[in-house]
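A closer look at the structure
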Amino acid sequence: MEKNKVWKLRKDGLMHTDEELIAMIKDGRVSGEDLVTSKDMKTWIRIRESIYQFYLRGEENETV
């Protein structure tokens, strides 16, 4: 299961799976301003500038 943990969240310094990161966004534990990176990335990016920005909006775009 550890190999599925690809996202490092700067605020806690831990690695997370896609599912964990999505759940944390939906629960409000992670905001659009929080930063993430992965082994393949050389920089940190804000959640609101990543593919996870969709989950910040909740269900308003659920049918897209």
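Scroll up a little and you will see the structure.
Calculation criteria
Residues numbered from 1 in each chain as written. Predicted model: local features only at pLDDT ≥ 70, side-chain atom pairs only at ≥ 80, totals over all residues. Heavy atoms only, no water. Pairing = 2+ DSSP bridges. Helix = DSSP H or I, 4+ residues; strand = E, 2+ residues; numbered from the N terminus. Buried < 20%, exposed > 50% of the residue type's maximum accessible area, 1.4 Å probe, protein only. Contact = heavy atoms within 4.5 Å.

1. Details of the sheet that holds strand β4 (residues 45–46)
- In space, the four strands of this open sheet follow the order β2-β1-β3-β4, with antiparallel pairing throughout. A strand with exactly one partner marks an edge of an open sheet, and here the two such strands are β2 (15–16) and β4.
- Direction of pairing for strand β1 (residues 7–9) relative to β2: antiparallel, over a ladder of two bridges. When the bridges of β2 are listed, Lys 8 appears paired with Met 15.

2. Description of the environment of Leu 14
- Here Leu 14 shows up in the loop between β1 and β2.
- A residue is classified by how much of its surface remains accessible, and Leu 14, at 48% relative accessible area, is partly exposed.
- With near-sequence residues (within four places) excluded, Leu 14 lies in contact with Trp 7, Lys 8 and Leu 9.

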